[in-house]
Structure formats: C-alpha cells, structure tokens
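# Topology and contacts: notes
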Amino acid sequence: MAGNYKILFSDLDATLLNDKKEIEAGTKDAIDRMLCQGYFFAACTGRPLASARAVAKRYGLDRKGCYITAYNGGVIYDPFLDQIISYASIPLPVVHTMFARAERAGLYIHTYDRTDDTVLALYHTKELDTYVGHTGLAPKAGREALEQMTKEPAKMIVISLTDHERLERFQKENAEWSKDVLNSFFSCEQYLEYCPAGISKGAAVENLCAYLKIPVEASVAAGDERNDIAMLKAAGVGAAVRNAHPLAKEAADYLCEKNHNEGAVGELIQKFFL
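What follows covers the overall build of the protein. When its secondary structure is counted, the protein shows 11 helices and 14 strands. For 274 residues, the compact-globule estimate of 2.2 N^0.38 gives 19 Å, and the C-alpha radius of gyration of the protein, at 18 Å, lies within 12% of that figure. Taking the principal axes of the C-alpha coordinates as reference, the protein spans close to 55 × 35 × 35 Å. Within the protein, the proportion of its 274 residues that are buried is 57%. In the protein, the share of contacts with a sequence separation of at least 24, taken over all contacts with a separation of at least 6, comes to 59%. Total accessible area on the protein stands at roughly 11600 Å², and carbon and sulfur atoms take up 48% of it. Treating the 31 positive side-chain charges of the protein as one cloud and the 37 negative ones as another, the clouds have centres 2 Å apart.

Another point: the pairing of strand β2 (residues 40-44). Along β2, 4 of the 5 residues are buried, which leaves the element largely enclosed by surrounding structure. Two elements, strand β1 (residues 7-10) and β2, share 4 bridges in a ladder whose sense is parallel. Pairing of Phe9 across the sheet is with Ala42, part of β2. Handedness of the β1-helix α1 (residues 25-36)-β2 crossover: right-handed. For β2 and strand β3 (residues 66-70), the ladder comprises 4 bridges, and the chain directions are parallel. Considered in β3, the bridge of Ala43 is made with Ile68.

This part is about the nonpolar core. Counting 73 residues, the largest nonpolar core has Phe9, Phe41, Leu61 and Phe273 as its most contacted members. Among the nonpolar cores identified, the runner-up in size contains 22 residues, and Val94, Ala145, Leu146 and Tyr194 belong to it.

Evaluation of the coordinates by the stated rule reveals 0 disulfides. With no disulfide of its own, Cys44 lies 10 Å from the sulfur of Cys209, the closest cysteine sulfur.

Time to look at the sheet that holds strand β10 (residues 182-188). Across the sheet, which stays open at both edges, the 6 strands sit in the order β8-β7-β6-β9-β11-β10 with mixed pairing between neighbours. Two strands bound the open sheet, and with one partner strand each, they are β8 (139-141) and β10. Averaged over neighbouring strand pairs, the angle between their axes works out to 25 degrees when direction is ignored. Note that β10 and strand β11 (residues 191-196) share 6 bridges and pair antiparallel. By the bridge assignment for β11, Asn183 is matched with Cys195.

Take the pattern of salt bridges next. According to the stated counting rule, one finds 15 salt bridges in the structure shown. Ionic pairing is found between Asp82 and Arg53, a salt bridge with its closest N-O pair at 3.9 Å. Taken together, the residues span a long stretch of sequence, with Asp82 in the loop between β4 (75-78) and β5 (83-87) and Arg53 in helix α2 (residues 49-58) at a distance of 29 residues. One salt bridge in this structure joins Arg242 and Glu262, with 3.4 Å as the shortest N-O distance. Here the residue Arg242 occupies a position in the loop between β13 (237-240) and α10 (246-251), and Glu262 occupies one in the loop between β14 (254-255) and α11 (264-272), the gap between them amounting to 20 residues.

Now for the packing of aromatic side chains. Using the criterion set out here, one finds 7 aromatic pairs in the structure. Judged by centre distance (5.9 Å) and plane angle (55 degrees), the ring pair of Tyr131 and Tyr191 falls under tilted. Within this pair, whereas Tyr131 is found in helix α4 (residues 126-135), its partner Tyr191 is found in strand β11, the two being separated by 60 residues in sequence. For the residue pair Tyr131 and Tyr191, the accessibility class agrees, reading buried in each case. For the pair Tyr254 and Phe272, a centre-to-centre distance of 5.6 Å together with 90 degrees between the ring planes defines the contact as edge-to-face. Residue Tyr254 is located in strand β14, and its partner Phe272 is located in helix α11; the two are separated by 18 residues in the primary sequence. Grouping residues by exposure puts Tyr254 and Phe272 together as buried. A network of ring pairs unites the aromatic residues Tyr71, Tyr112, Tyr131 and Tyr191 as a single cluster. Lying across the ring of Tyr87, Arg114 places its NZ or CZ 3.6 Å from the centre.

This brings us to the packing of α1 against α11. Two elements in contact, α1 and α11, have axes whose closest approach is 8 Å; the angle formed by their N-to-C orientations is 35 degrees. Crossing of α1 over α11 shows left-handed handedness. Side by side, α1 and α11 meet where Thr27, Ala30, Ile31, Arg33 and Met34 of the first sit next to Val265, Gly266, Ile269 and Gln270 of the second. Across the contact of α1 with α11, the residue classes tally to 5 nonpolar, 3 polar and 1 charged.

Cut-offs applied
- Residues numbered from 1 in each chain as written.
- Predicted model: local features only at pLDDT ≥ 70, side-chain atom pairs only at ≥ 80, totals over all residues.
- Heavy atoms only, no water.
- Helix = DSSP H or I, 4+ residues; strand = E, 2+ residues; numbered from the N terminus.
- Rg over C-alpha atoms; globule rule 2.2 N^0.38 Å.
- Buried < 20%, exposed > 50% of the residue type's maximum accessible area, 1.4 Å probe, protein only.
- Contact = heavy atoms within 4.5 Å.
- Areas by Shrake-Rupley, 256 points an atom, 1.4 Å probe, with all protein chains shown as cover.
- Lys, Arg positive; Asp, Glu negative; His and termini not counted.
- Charge placed at Lys NZ, Arg CZ, Asp CG, Glu CD.
- Pairing = 2+ DSSP bridges.
- Right-handed = clockwise from strand over helix to strand, strands pointing away.
- Core = buried A, V, L, I, M, F, W, Y, C linked by side-chain atoms within 4.5 Å.
- Disulfide = S-S within 2.5 Å.
- Axes fitted to C-alpha atoms, helices over the stretch in contact; angles between N-to-C directions.
- Salt bridge = Lys/Arg side-chain N within 4 Å of Asp/Glu carboxyl O.
- Phe/Tyr/Trp six-rings, centres within 6.5 Å; stacked < 30°, edge-to-face > 60°.
- Lys NZ or Arg CZ within 6 Å of the ring centre and 35° of its normal.
- Left-handed = near helix turned anticlockwise from the far one by under 90°.
- Nonpolar A, V, L, I, M, F, W, Y, C, P; charged D, E, K, R; others polar.

What follows is the structure in structure tokens.
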C-alpha cells in the first residue's frame with residue numbers, strides 16, 4: 001500500500017501527541033524518514049497557530065515539506081518559509097454577538113488577538129487557566145481587551161469543564177442565526193468550537209492539497225475527535241487512532257491498532273508511506 005499516497009495530515013492532541021504532549025520516538029523516526037523520501041506532513045490542529053508552531057519547532061516539523069493547519073483549518077501556514085498561505089476569519093460583529101449570548105447563558109467564551117495569538121476572555125476563570133495551561137499561550141481578560149480588538153479572529157471557543165449538556169443546548173440555541181457565518185463542532189467534551197462558515201479540518205485537507213497540486217485521493221488523515229471527522233472524510237484515507245471517539249471511528253476508513261501513546265501515527269506512516 002505504501003507509495004500510493006503523498007501527504008499525511010495528523011491531528012496533534014491525543015493523536016500525534018501522547019498523554020505527556022510528546023511524540024513517541026518511533027513515530028518521530030517514521031516522520032523523519034517519510035520527509036526524507038519526499039512526502040509531505042501537515043499538523044492539522046484546532047490549536048492556535050502560535051501553539052502549533054511551538055510543537056512543530058520542538059520536533060523539527062518546521063522543515064521543508066512540513067505544513068500547519070491551525071484553528072481547525074482556518075489558517076494554513078508554511079513554517080519553512082514562515083508564510084501564511086490562507087487565513088479565514090470571523091467578522092467582529094459576529095464575535096461580539098456570540099460573546100454576549102455566551103455571557104447571558106452563563107458560559108465561558110474566548111477568542112484570540114490576531115496580532116499575537118493571546119487568548120481574549122471577558123473574565124479570568126478556571127476555564128481560561130485550563131486552556132492556557134494546555135496551549136502555552138498568554139491570557140488577556142477584560143471587556144476592554146475585547147472591545148479594542150481590531151483584527152478579525154479565526155476562532156472562538158465556548159468551554160464548560162463540567163457540563164457538556166449545557167454546551168449542547170447552547171449550540172442548538174444558536175444554530176439558526178449563526179448558520180451562514182459560523183461552523184460549530186466539539187473538539188472534546190469540554191470545548192464547543194466556532195469557526196468561520198465553510199471552515200473545517202476537511203476544508204484544510206482540500207485547500208492544502210490544491211495548493212500543493214496533490215490529488216486529495218493521495219492524502220491520508222489521522223485523528224481522534226469529532227472536529228477531525230470532516231478531515232477523515234475528506235482525505236483519501238481517513239484513519240482513527242485506537243483511542244478515538246466512537247463517531248470518529250465511525251467516519252474512518254482505517255482503524256489503527258495502536259493508540260496515541262503507542263505510536264498510532266507511526267503505524268500509519270509505516271503502512272501507507274514507507
């Protein structure tokens with residue numbers, strides 16, 4: 001089966017990265033080998049660009065042949081050339097409307113300052129601390145910071161650390177008015193993510209393949225969560241790691257024998273590329 005594919009798209013958290021937020025040694029070696037053989041590798045993540053760039057730099061995934069799709073496909077970036085290929089954003093009036101609706105619902109929400117990728121929230125809460133602790137980004141809390149934002153952001157997240165059903169209700173309550181401007185999905189039980197309409201990891205697969213002049217059929221994608229489903233369906237082969245959410249497994253063409261701690265992405269590289 002190796003040799004029929006040209007590019008691998010991989011989610012980061014709980015797919016490429018293990019529970020220690022590290023790449024398993026055998027997987028790192030497999031990525032190095034596939035890049036040396038002329039294949040392409042794209043980290044396809046819901047993380048902000050700055051956070052994804054830090055992971056890429058740490059593991060040498062900023063060399064030629066490597067790409068990053070951040071914000072669930074809203075941003076496509078070439079780390080080797082330090083070049084933004086595309087950047088989709090949410091209109092500021094929509095951002096302010098969603099913040100007001102989340103605040104009325106008693107839910108935490110944040111977005112990002114496009115100038116420096118800081119996390120913008122109305123209040124400094126445990127949700128904000130949890131998120132910045134996970135991503136390594138700097139927080140900025142306060143209504144004034146949001147009101148002074150002049151550049152359209154790529155994403156918003158509504159977070160509840162303890163009540164997934166509240167997030168589901170909020171998503172349903174805001175589905176009608178937002179359907180033409182926003183795309184929403186869960187990246188885990190605690191995170192309800194909002195991206196520009198038409199933006200998803202699946203769109204990122206199609207857009208980056210078009211940019212590189214690679215047939216989408218020649219792509220393999222690996223993921224574990226519901227925000228990965230569009231990517232798994234768009235790629236030539238969609239692979240779910242063994243620890244994946246049941247809906248991600250249902251959408252996949254291939255189910256890995258290994259989980260994210262055991263080197264599932266390395267398994268895919270060995271099977272489809274090497």
